[in-house]
Amino acid sequence: MKSFQGKVAVITGGASGIGLALAHKAAAEGMKVVLADINSEALEAAANAIRSSRVHTPGCEVITSLTDVANADAVHNLARLATESFGGVHLLCNNAGVGGGGKCWELDLDYWDWVLNINLRGVINGIREFTPHMIAQNEGHIVNTASIAGLMSAPDTGPYTVSKHAVVALSEILAGDLRRAGADNVGVSVLCPSFVNTNIYRSERNRPVSEELANNPERQAELDVIEEMAGSLFSTAMPSEAVADLVFEGMRSGRFYILTHPEGSREQVRKRMQTILDDGYPDVAGPEDFPLT
Ligand SMILES: NC(=O)c1ccc[n+]([C@@H]2O[C@H](COP(=O)([O-])OP(=O)(O)OC[C@H]3O[C@@H](n4cnc5c(N)ncnc54)[C@H](O)[C@@H]3O)[C@@H](O)[C@H]2O)c1
């Protein structure tokens, strides 16, 4: 897709971070925007922030949808709201996601389900709802937010990395399926960021847990320590606005893989593929090896 003026964007996880930056960018391009998120307060604040910065983009409209992407019915309602409100959807950003790590064998199944249901099932739900509409309309673009974690396999990041590898694979398969179906006017990109300055490191705060766990002081103290450490790391990371610019540039030039830190990301991909070709054993590079360039 090369022209965005007057078209319609649906952005999940649009109340914060990369999703919010994508929404601002879409509005600045003159698009009508449907912002979807699970956090109602942040969602309304985000929509108001976009509306009040609308001076540059006459015609831009923003509506919100309180949506849990893990829930197929909720995503169905999101698609209905978007088409009933604006007549069609041209850009879908399957962006909502949460962080999640720990030793694979120690994490409980509820935790695995929480991460996989949002990060992977959420993307599946979006693809199932919106792709047929874009094919029928003979125009559209789907951007799935994966991660550099979808291109390498860092220890201690099990659920997150598994979900993101799956999103990369799903995006590649979607692109192939669309080509084979002759739907050449429906494009796909997979966004693979390394560190971006967002609230991702605070995801755990929004995890639905039992009252007992929510009020457990040890868990709170642990979260405080993690957030303090991660907060200082993320505060120096790439601004989310720069990522949104890369996504729109990428769509304009028909890029499939959108890397925010191309040099380091390509190096990690090369290392992984070389290990496979050499019949080697997986590297132990951890999240600290996520590229910074
Ligand atoms: N920040 C990074 O360094 C980084 C790197 C690689 C990939 N990503 C990916 O970018 C995407 C956006 O994350 P971010 O970094 O902007 O984080 P963020 O926490 O700032 O934003 C994520 C948004 O998703 C929403 N969300 C969470 N669960 C949801 C659900 N079930 N349904 C709908 N919305 C939900 C949150 O409320 C939040 O507004 C994620 O998929 C994340 O995995 C981020």
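Every value quoted in this text rests on a predicted model; they were computed, and no experiment measured them. (Residues numbered from 1 in each chain as written. Predicted model: local features only at pLDDT ≥ 70, side-chain atom pairs only at ≥ 80, totals over all residues.)

Peer 1: Outline the overall build of the protein chain, supporting the account with residue identities and numerical values.
Peer 2: On a plain count of helices and strands, the protein chain comes out with 9 helices and 9 strands. Over its C-alpha atoms the protein chain spans a radius of gyration of 19 Å, differing by no more than 12% from the 19 Å that the globule rule assigns to 293 residues. Reported as C-alpha extents along the three principal axes, the dimensions of the protein chain are approximately 50 × 50 × 35 Å. For the protein chain, with 293 residues in total, the buried portion stands at 43%. Long-range contacts, defined as pairs at least 24 residues apart, comprise 76% of the intrachain contacts of the protein chain with a sequence gap of at least 6. (Helix = DSSP H or I, 4+ residues; strand = E, 2+ residues; numbered from the N terminus. Rg over C-alpha atoms; globule rule 2.2 N^0.38 Å. Buried ≥ 20, exposed ≤ 12 C-beta atoms within 10 Å, placed from the backbone. Contact = placed C-beta atoms within 7 Å.)

Peer 1: Any chance you could break down the site of the ligand for me, citing the residues and the numbers?
Peer 2: Contacts to the ligand come from 30 residues, most closely from Gly-13, Ser-16, Gly-17, Gly-97 and Thr-198. No other element matches the 3 residues that helix 1 (residues 17-28) contributes to the shell around the ligand. Counted by class, the shell around the ligand contains 13 nonpolar, 15 polar and 2 charged residues. (Near = placed C-beta within 6 Å. Nonpolar A, V, L, I, M, F, W, Y, C, P; charged D, E, K, R; others polar.)

Peer 1: Break down helix 2 (residues 40-52) for me, with residues and values.
Peer 2: Here helix 2 contains 13 residues, and its C-alpha end-to-end distance of 18 Å stays within 8% of the 18 Å for a straight helix at 1.5 Å per residue. Within the sequence span of helix 2, burial applies to Leu-43, Ala-46, Ala-47 and Ile-50. Taken end-on, helix 2 shows its buried residues confined to a sector of 95°, consistent with a single buried face. Among the exposed residues of helix 2, those oriented more than 90 degrees off its buried face are Glu-41, Asn-48 and Ser-52. Turning to helix 2, the residues buried within the fold contact helix 1, strand 2 (32-37) and strand 3 (62-66). (Expected span 1.5 Å × (residues − 1). Arc of directions from axis to C-beta.)

Peer 1: Lay out the environment of Ile-276 with the relevant residues and their values.
Peer 2: With respect to the helices and strands, the residue Ile-276 is situated in helix 9 (residues 262-277). Along the backbone, Ile-276 and Glu-218 are 58 residues apart, and their C-alpha atoms lie at a distance of 41 Å.

Peer 1: Let's hear about helix 1: which residues, and what values?
Peer 2: Taking 1.5 Å of rise per residue, the 12 residues of helix 1 would be expected to cover 16 Å, and the 17 Å separating its terminal C-alpha atoms lies within 8% of that figure. Burial within helix 1 is extensive, with 11 of its 12 residues counted as buried. Within two residues after helix 1, Gly-30 carries a phi angle of roughly 85°, on the positive side.

Peer 1: Give me the lowdown on the sheet that holds strand 9 (residues 257-259), citing residues and values where you can.
Peer 2: Taken in spatial order, the 7 strands of this open sheet run 3-2-1-4-5-6-9, and their pairing is parallel. At either end of the open sheet lies a strand with only one pairing partner, and these are strand 3 and strand 9. Geometrically, the sheet is characterised by an average inter-axis angle of 15° between neighbouring strands, direction not taken into account. Sheet topology note: the strand 2/strand 3 ladder contains 5 bridges and is parallel. Residue pairing across strands places Leu-35 opposite Thr-64, the latter belonging to strand 3. Packed on one face of the sheet, helix 5 (residues 158-180) meets strand 5 (140-145) and strand 6 (186-192) and runs near 165° to strand 6. (Pairing = 2+ DSSP bridges. Axes fitted to C-alpha atoms, helices over the stretch in contact; angles between N-to-C directions.)

Peer 1: I'd love a proper account of the environment of Asn-117, names of residues and values included.
Peer 2: Locating Asn-117 in the fold gives a position in helix 4 (residues 109-137). Its 18 C-beta neighbours within 10 Å are what place Asn-117 among the partly exposed residues.

Peer 1: Mind laying out the pairing of strand 1 (residues 8-12), listing which residues take part and the relevant values?
Peer 2: In terms of burial, strand 1 is largely enclosed, as 5 of its 5 residues are buried. Burial of the side chains of strand 1 extends over both faces: Val-8, Val-10 and Thr-12 are buried on one face and Ala-9 and Ile-11 on the other. Relative to strand 2, strand 1 runs parallel, the two sharing 5 bridges. By the bridge assignment for strand 2, Val-10 is matched with Val-34. One crossover worth recording links strand 1 to the parallel strand 2 by way of helix 1, and it is right-handed. Taken together, the 3 bridges between strand 1 and strand 4 (residues 91-94) define a ladder with parallel strand orientation. What sits directly across from Val-10, in strand 4, is Leu-92. (Right-handed = clockwise from strand over helix to strand, strands pointing away.)

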